[in-house]
Amino acid sequence: MARLSSNIVAFRIAIAAQEGADIDGILSASGAPPGLMRGEPPYVDLQTERNVWDAIVEATGRDDIGLVCGQRFPTQANGMLGYVMANAPTIRVAVEKCCTYQRVLGDSMGMVCERGPDTTRISIEQWSPWHDTLRYTVDTFMAAILSWTNANAPAPVCPLRVGFRYERPGDVSSYESIFAPAPVTFGADDSYQIYENSTLDQPVIGASQGVFAVFEDKVQRLLGDLELGDTWAFRVRQRILDALKGEAPSVERIASELAVSVRKLQQRLSDECTSYSNLLTDARRDLAEEYLKAGEVGNDEIAYLLGYSEVSVFSRSFKKWTGQTPSEFRAANT
């Protein structure tokens, strides 16, 4: 069954709210899960995506709402994949990684990046049966490609040509404004954008090679885990990894995000022969090793990112896990 990250759908609803729509009204009209806005469940099916788009268009009265979502699409909405893109060495590599790992966000639609001698074609690939409502998803993809590249490239990025697979809508002014000066056509075989190669070979502003390597490894693991199945331990671990940015998330916080009681969450983890404490420790250890192998993050910063109040506490914990101090581990693995 085709699925899409609940965070992506929640983001679209949030944009609709910025346009004056009522969030509860959209959730009610679409029949979406009540915990959708906090990412529960982690994925929704394709029918829910269609229903939400219908409700959003009805609530906002905007037929170009997909373009609006794409223009305002934040990197963090892509989760760990967003960190990979933000730290890729070039805009091209960022787009290629998005193509490669798109399935961690959903498997109804993806992208293909094809480089020719002088130009590169980025196209939207349909992985599930087409439905007219999905034109808004296409619009989001198309606008997000351009807005993200312009936000992260040193020089302005402009496509040479743009095409959409569906028939020309009644009002195309938003399309012409966003993609200008490129000509925009409708009724094409697929939805695409064409760029000069040099445009996409620009570096990503502020990218870190070490952070790129760390998060690409995490995304690869996530993709593998998704293929194995979605367990409570997996879901809790991913929440912990996302939250380990200066504090150690409490079990109460993670339980709330998963819309279950602490007691129920602890029981589910026990049924899978693990515990919240074990998952937190494993996540901290794995992240610490990845940061140390990357070689670009100091021990003080690693301790902070993993939620330790003092670097000495982190150092003692790391030696307990591995038998080595952070400095010894770094020296042996970089």
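This section reports on the structure supplied with the text.

Here we look at the sheet that holds strand 3 (residues 109-115)
Next, step 1: Taken in spatial order, the 5 strands line up as 3-4-7-5-6 in an open sheet, and their pairing is mixed. The open sheet has two edge strands, strand 3 and strand 6 (184-186), and neither has a second partner. Between one strand axis and the next, the sheet turns by 15° as a mean value, whatever way the strands run.
Next, step 2: Across 3 bridges, strand 5 (residues 161-164) lies against strand 7 (residues 191-196) in antiparallel orientation. Bridge pairing links Gly163 to Tyr192 in strand 7.
Next, step 3: In this fold helix 6 (residues 91-101) packs onto strand 3 and strand 4 (119-126), with an angle of close to 140° to the strand it touches most, strand 3.
Next, step 4: Against the sheet, helix 7 (residues 135-152) contacts strand 3, strand 4, strand 5 and strand 7, and its axis sits at roughly 10° relative to strand 7.

Digging into the pairing of strand 7
Next, step 1: In terms of burial, strand 7 is a largely internal element, 5 of the 6 residues being buried.
Next, step 2: As defined by bridge partners, strand 4 adjoins strand 7 across 6 bridges and the pair is classed as antiparallel. Bridge pairing links Ile124 to Ser191 in strand 7.

A closer look at helix 7
Next, step 1: An ideal rise of 1.5 Å per residue puts 26 Å on 18 residues; helix 7 measures up with 26 Å between its terminal C-alpha atoms.
Next, step 2: The buried fraction of helix 7 is high, at 15 of 18 residues.

Topic: the side chain of Asp286
Next, step 1: For Asp286, the location among the structural elements is in helix 14 (residues 276-294).
Next, step 2: Looking at Asp286, the relative accessible area reads 18%, which means it is buried.
Next, step 3: Not counting residues up to four positions away in its chain, the partners in contact with Asp286 are Arg221 and Arg237.

As for the packing of helix 14 against helix 16 (residues 311-322)
Next, step 1: Contact geometry of helix 14 with helix 16 gives a least axis separation of 11 Å together with a crossing angle of 100°. Of the possible angle classes, the one that applies to helix 14 and helix 16 is roughly perpendicular. Where helix 14 approaches helix 16, its residues Thr281, Arg284, Arg285, Ala288, Glu289 and Leu292 are matched on the opposing element by Phe314, Phe318, Trp321 and Thr322.
Next, step 2: Looking at side-chain class alone, the contact of helix 14 with helix 16 contains 5 nonpolar, 2 polar and 3 charged residues.

Considering the environment of Ala188
Next, step 1: Within the element layout of this structure, Ala188 appears in the loop between strand 6 and strand 7.
Next, step 2: Leave out the neighbours within four places in its chain, and Ala188 touches Phe164 and Arg165.

Observations regarding the pattern of salt bridges
Pairs can form between side chains of opposite charge whenever their charged atoms are close.
Next, step 1: Inspection of every chain in the model, using the stated rule, returns 18 salt bridges.
Next, step 2: A salt bridge links Arg62 to Glu19; the shortest N-O distance between them is 2.9 Å. Of this pair, Arg62 sits in the loop between helix 3 (46-60) and helix 4 (65-71) while Glu19 sits in the loop between helix 1 (6-18) and helix 2 (23-30); the two residues are 43 residues apart in sequence, bridging distant segments of the chain.
Next, step 3: Residue Glu19 is classed as partly exposed on the basis of its relative accessible area of 26%.
Next, step 4: Across the pair Asp139 and Arg135 runs a salt bridge whose closest N-O atoms are separated by 3.7 Å. Of this pair, Asp139 and Arg135 are both found in helix 7, 4 residues apart, which corresponds to roughly one turn of the helix.
Next, step 5: Each of Asp217, Arg221, Arg237, Asp286 and Glu290 takes part in salt bridges that share partners, so that together they form one network.

Calculation notes
Residues numbered from 1 in each chain as written. Predicted model: local features only at pLDDT ≥ 70, side-chain atom pairs only at ≥ 80, totals over all residues. Heavy atoms only, no water. Pairing = 2+ DSSP bridges. Helix = DSSP H or I, 4+ residues; strand = E, 2+ residues; numbered from the N terminus. Axes fitted to C-alpha atoms, helices over the stretch in contact; angles between N-to-C directions. Contact = heavy atoms within 4.5 Å. Buried < 20%, exposed > 50% of the residue type's maximum accessible area, 1.4 Å probe, protein only. Expected span 1.5 Å × (residues − 1). Parallel < 35°, antiparallel > 145°, perpendicular 65-115°, else oblique. Nonpolar A, V, L, I, M, F, W, Y, C, P; charged D, E, K, R; others polar. Salt bridge = Lys/Arg side-chain N within 4 Å of Asp/Glu carboxyl O.

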